Amino acid sequence: MIEKLSAVVADIDGTLCMKGGNLQPRTRAALQRLHEQGVLFGVASGRPMDRRILDLAKQWDLGFEFDLAIGMNGGDLYDKSTDEIKHFYQLKKEDVRTILKMLEGLDLNAIVYVNGYDEINALRMDEFLKDSVRRNHSIVEIGDIDFVSRHDTGKIECHMKPAVKAEMMRRIEANPSDRWTHVTTFEIEDHSTVEFVDPHVNKGLALRNFSVQSGIPLSEIMAFGDMENDIGLLREAGWGVCLKNGSDDTKAVAQAITEYECLEDGVGRYLEDHWFNR
């Protein structure tokens, strides 16, 4: 276990709460207790880094603001101390087109964030985008591959059924590239989300940058995650914890696994049992 704790960083969906949900009570209480003790807290998400991520602290009734926030799977970093957002490696528009042409014909939706949730381009309107319009008041424009490939972007977000994902993986294997990589960010029985990013980008990249600019050693940071896009985060942190409901690949790199799942207050109970009562 980590000896000194100066900051905690956690993934959102499937870790702190389920997609679109609220914190569980013991998780909220544990984070508030850490904050009272002077420990910084932030979130790390695949979502675009904008005000909507920062506003989650208020929606969750934490009683304090995030000290940092990682977006775009590590492509964006917000630091409260400077009130600035830094952007790291983006996919070039020509690479966006190459990826989408590789996936052409598959029954999936591909989403490109032009300006956070405020401006989204996609191949089609689906339930995810309808929900984004409702929650985030997103402006969504639908078009073909050429239309969606007009901008550099932090990521391509693809939504599909698991059977379609299997065919996607075969195409990826047949078309290797050093200009992009892919990661599974969400998976349930009837839905998979796979995202394409620049190979330099992962949540660990943003965490390293935060460590340098804040002066907080990585050895004093604890991180929580559940899916493959959290692997870089857990590897870089001084203590990386995977949720019980997490993927096998993520559990394999974690230094600990929670005894409870996300909706069972997995993060809160872990902090109670292994930090506060250590």
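This text goes with the structure placed above it.
Predicted, not measured: the structure shown is a model, and the values here were computed from it.

(A) Examining the sheet that holds strand S11 (residues 191-197) more closely. With respect to topology, 6 strands assemble into an open sheet ordered S8-S7-S6-S9-S11-S10, the strand pairing being mixed. Each of the sheet's edge strands pairs with one partner strand only, and the pair in question is strand S8 (139-142) and strand S10 (181-188). When strand polarity is set aside, the average angle formed by the axes of neighbouring strands in this sheet is 25°. Note that strand S7 (residues 119-122) and S8 share 4 bridges and pair parallel. Paired with Ile 120 across the bridge in S8 is Val 140.

(B) Region of the structure containing the nonpolar core. Phe 41, Trp 60, Met 222, Phe 224 and Leu 271 are the most contacted members of the largest nonpolar core, which totals 36 residues. When contributions to this core are tallied by element, the ones reaching two or more residues are strand S1 (7-11), helix H1 (25-36), strand S2 (40-44), helix H2 (51-54), helix H3 (56-59), strand S12 (221-225), strand S13 (239-242) and helix H11 (266-276). The element that contributes the greatest number of residues to this core is H11, accounting for 5 residues. Apart from residues no more than four positions distant in its own chain, Leu 271 is found in contact with Ala 30, Leu 31, Leu 34, Met 222, Phe 224 and Phe 276.

(C) Inspection of the sheet that holds strand S14 (residues 256-257) at higher detail. Taking strand neighbours across the sheet as the criterion, the 8 strands line up as S5-S4-S3-S2-S1-S12-S13-S14 in an open arrangement whose pairing is mixed. In this open sheet, the two strands that pair with only one neighbour each are strand S5 (84-87) and S14. When strand S3 (residues 68-71) meets strand S4 (residues 76-79), the two strands line up antiparallel, connected through 4 bridges. In the sheet register, Leu 68 faces S4, and the bridge partner there is Asp 79. Packing against the sheet, helix H8 (residues 203-214) makes contact with S1, S2, S3, S4, S5 and S12, and its axis sits at approximately 30° to S4. In the packing of H11 onto the sheet, the strands contacted are S12, S13 and S14, and the crossing angle to S12 comes to about 145°.

(D) Region of the structure containing the pairing of S11. Counted residue by residue, S11 has 6 buried out of 7 residues, so it is predominantly covered. Alignment of strand S9 (residues 156-160) against S11, held across 5 bridges, turns out to be antiparallel. Within S11, the residue paired with His 159 across the bridge is Thr 193. Sheet analysis places S10 next to S11, joined by 7 bridges and oriented antiparallel. Following the sheet pairing, Thr 181 is matched in S11 by Val 197. Here S10 folds back onto S11, and the loop between the two strands holds 2 residues.

(E) Examining the packing of aromatic side chains more closely. Evaluation of the coordinates by the stated rule reveals 5 aromatic pairs. Measuring from ring centre to ring centre gives 5.9 Å for Phe 41 and Phe 66, while their planes differ by 65°; the resulting arrangement is edge-to-face. Residue Phe 41 is found in strand S2, and its partner Phe 66 is found in the loop between H3 and S3; the two are separated by 25 residues along the sequence. A single burial state applies to Phe 41 and to Phe 66, both of which are buried. Their ring planes at 65° and their centres at 5.9 Å tell us that Trp 60 and Phe 66 sit as a pair that is edge-to-face. The same class applies to Trp 60 as to Phe 66, namely buried. Put simply, the rings of Phe 41, Trp 60 and Phe 66 touch in pairs and so form one group of aromatic residues. The aromatic ring of Phe 186 is capped on one face by Lys 19, whose charged end is 4.9 Å from the ring centroid. Directly above the aromatic system of Phe 147 lies the positively charged group of Arg 150, at a separation of 3.9 Å from the ring centroid.

Rules used throughout
- Residues numbered from 1 in each chain as written.
- Predicted model: local features only at pLDDT ≥ 70, side-chain atom pairs only at ≥ 80, totals over all residues.
- Heavy atoms only, no water.
- Pairing = 2+ DSSP bridges.
- Helix = DSSP H or I, 4+ residues; strand = E, 2+ residues; numbered from the N terminus.
- Axes fitted to C-alpha atoms, helices over the stretch in contact; angles between N-to-C directions.
- Core = buried A, V, L, I, M, F, W, Y, C linked by side-chain atoms within 4.5 Å.
- Buried < 20%, exposed > 50% of the residue type's maximum accessible area, 1.4 Å probe, protein only.
- Contact = heavy atoms within 4.5 Å.
- Phe/Tyr/Trp six-rings, centres within 6.5 Å; stacked < 30°, edge-to-face > 60°.
- Lys NZ or Arg CZ within 6 Å of the ring centre and 35° of its normal.

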